[in-house]
Structure formats: structure tokens, C-alpha cells
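# Examining the three-dimensional arrangement
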Amino acid sequence: MMKEFENSVLFDIFVKKVVIPDIKIDPAELKKYYDEHIADYSTPEMMKVHGAVFWKKEYAEKAMESLNKGTDFKWLKANADGQVSKDEKGVQQFEGNVIITSDLTEDIRKAVSGARPGEYRLYTSPEKYTYVLFIQEVFPCGTLSME
């Protein structure tokens, strides 16, 4: 173990004194590489979304009306009439986890597009369930600085 440690320290010293001083990076070349690989230095748009699923659009619209009048979403989800069981075939779960919006299906992405924190959106699935989606948080896409 002592010999391995000694070799590790010597190699570290060698790299710092011999290899690193010879590395020269042209700032213009670095900027060009960064611009060409911007996706590698970017974070995607993400949202924290909660959802309640209803059998009929009318139930979902009534729930939206209550929410817009100030009803708490958690209370509504626990008490609203016409909700679909989470075990029902084809029901998607929105339990407040952070979701990368580009991972959502195109129709759900359209439903939440441009949403702000605290907004509610309606989405009707191909299975004809209507979702009330509560957008708790939005994390916009961004790029990491070169510095």
C-alpha cells in the first residue's frame, strides 16, 4: 500500500510539472467548441406537476372552477367526485415529481407549454380521461457558463 501511495504521489507531481504546463488552450477555439456542443452544457426545461384524473371532462372542468376559486389542490384530489382510480388502465401519474418536459408525450407537452408555477391546465388523454394538472414549479432550460 505504501508503494502504491508513493507511485500515486510521484505521478501527480509529474503531471503537474511536466504535462499541465504544456497544455495551451486558445480561447477562441474553446468558445467554438462550446458553441458546437451547447447541448452538452445545457439543462432541459423541467416541471413539478401534480395531477387529478377524471372520468368525464365535466368533472374536470368543475374541479378547475373550484381550484380557480381557491380550493386547495390536495384537498380537491382527495375529495372531488368523478375521479379515476390510479390503478385504472392507461392512467398516468403526476405525483409532484420533477419531470423533464421533453420526455412528456407531445399532447401533454402542448397542455403544459408556457405554464407558470401555480397554474392549472386541462389535458384529455387518448383514453378519454381528463386530467387537471397543477404546475407547482417550473425550471426553465438553461446553459452552463464557460467560466
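Our structure's up above, just so we're on the same page.
Quick caveat: nothing in here was measured; it's all calculated off a predicted structure.

## Remarks on the overall build of the protein
In terms of helices and strands, the protein carries five helices and six strands. Counted from the first residue to the last, the protein has its helices and strands arranged as α-α-β-β-α-α-β-α-β-β-β. Computed over the C-alpha atoms, the radius of gyration of the protein is 25 Å, more than 25% above the 15 Å expected from 2.2 N^0.38 for a compact globule of 147 residues. Each principal axis of the C-alpha distribution contributes one length, and for the protein these read about 75 × 45 × 30 Å. Of all 147 residues assigned to the protein, the portion counted as buried reaches 25%. Counting contacts in the protein only where the partners sit at least 6 residues apart, residues at least 24 apart contribute 65% of the total. As displayed, the protein has an accessible area near 10700 Å², and 55% of this comes from carbon and sulfur atoms. The average position of the 20 basic charges and that of the 25 acidic charges among the side chains of the protein differ by 4 Å.

## Remarks on the packing of aromatic side chains
Working definition: an aromatic ring pair is given by the centre-to-centre distance plus the angle between the planes. Under the criterion given, the structure shown has seven aromatic pairs. Where Trp55 meets Tyr129, the ring centres are 5.7 Å apart and the plane angle is 75 degrees; that geometry is what we call edge-to-face. Of the two residues, Trp55 sits in the loop between strand E2 (46–54) and helix H3 (57–68) while Tyr129 sits in the loop between strand E4 (120–124) and strand E5 (130–139), which places them 74 residues apart along the sequence. Assessed through its relative accessible area of 42%, Trp55 is described here as partly exposed. According to the relative accessible area criterion, Tyr129 is buried, its value standing at 8%. Ring centres of Phe73 and Tyr120 lie 6.4 Å apart, and the angle between their planes is 20 degrees; this geometry places the pair in the stacked category. Within this pair, whereas Phe73 is found in helix H4 (residues 73–79), its partner Tyr120 is found in strand E4, the two being separated by 47 residues in sequence.

## A short note on the sheet that holds strand E3 (residues 95–100)
Where strands meet in a sheet, backbone hydrogen bonds hold them as pairs that are either parallel or antiparallel. The sheet built from four strands is open, its strands ordered E3-E2-E5-E4 with antiparallel pairing. Sheet topology places E3 and E4 at the edges, where each strand pairs with a single neighbour. This sheet shows a mean twist of 35 degrees between the axes of neighbouring strands, independent of strand direction.

## Observations concerning the side chain of His50
Tracing the chain through its elements places His50 in strand E2. Beyond its immediate stretch of four places on either side in the chain, His50 contacts Phe73, Phe94, Glu95, Gly96, Val132, Leu133, Phe134 and Gln136.

## Here's the deal with H3
Compared with the 16 Å implied by 1.5 Å per residue over twelve residues, the 16 Å span of H3 between its first and last C-alpha is a close match. Within H3, burial applies to Ala60, Ala63, Met64 and Leu67. Angularly, the buried residues of H3 cover 100 degrees about the axis, an arc narrow enough to put them on a single face. In this structure, H3 carries Glu58 and Lys62 as exposed residues pointing more than 90 degrees from its buried face. Looking one or two places after H3, you find Gly70, whose phi comes out positive at around 115 degrees.

Definitions and cut-offs
Residues numbered from 1 in each chain as written. Predicted model: local features only at pLDDT ≥ 70, side-chain atom pairs only at ≥ 80, totals over all residues. Heavy atoms only, no water. Helix = DSSP H or I, 4+ residues; strand = E, 2+ residues; numbered from the N terminus. Rg over C-alpha atoms; globule rule 2.2 N^0.38 Å. Buried < 20%, exposed > 50% of the residue type's maximum accessible area, 1.4 Å probe, protein only. Contact = heavy atoms within 4.5 Å. Areas by Shrake-Rupley, 256 points an atom, 1.4 Å probe, with all protein chains shown as cover. Lys, Arg positive; Asp, Glu negative; His and termini not counted. Charge placed at Lys NZ, Arg CZ, Asp CG, Glu CD. Phe/Tyr/Trp six-rings, centres within 6.5 Å; stacked < 30°, edge-to-face > 60°. Pairing = 2+ DSSP bridges. Axes fitted to C-alpha atoms, helices over the stretch in contact; angles between N-to-C directions. Expected span 1.5 Å × (residues − 1). Arc of directions from axis to C-beta.

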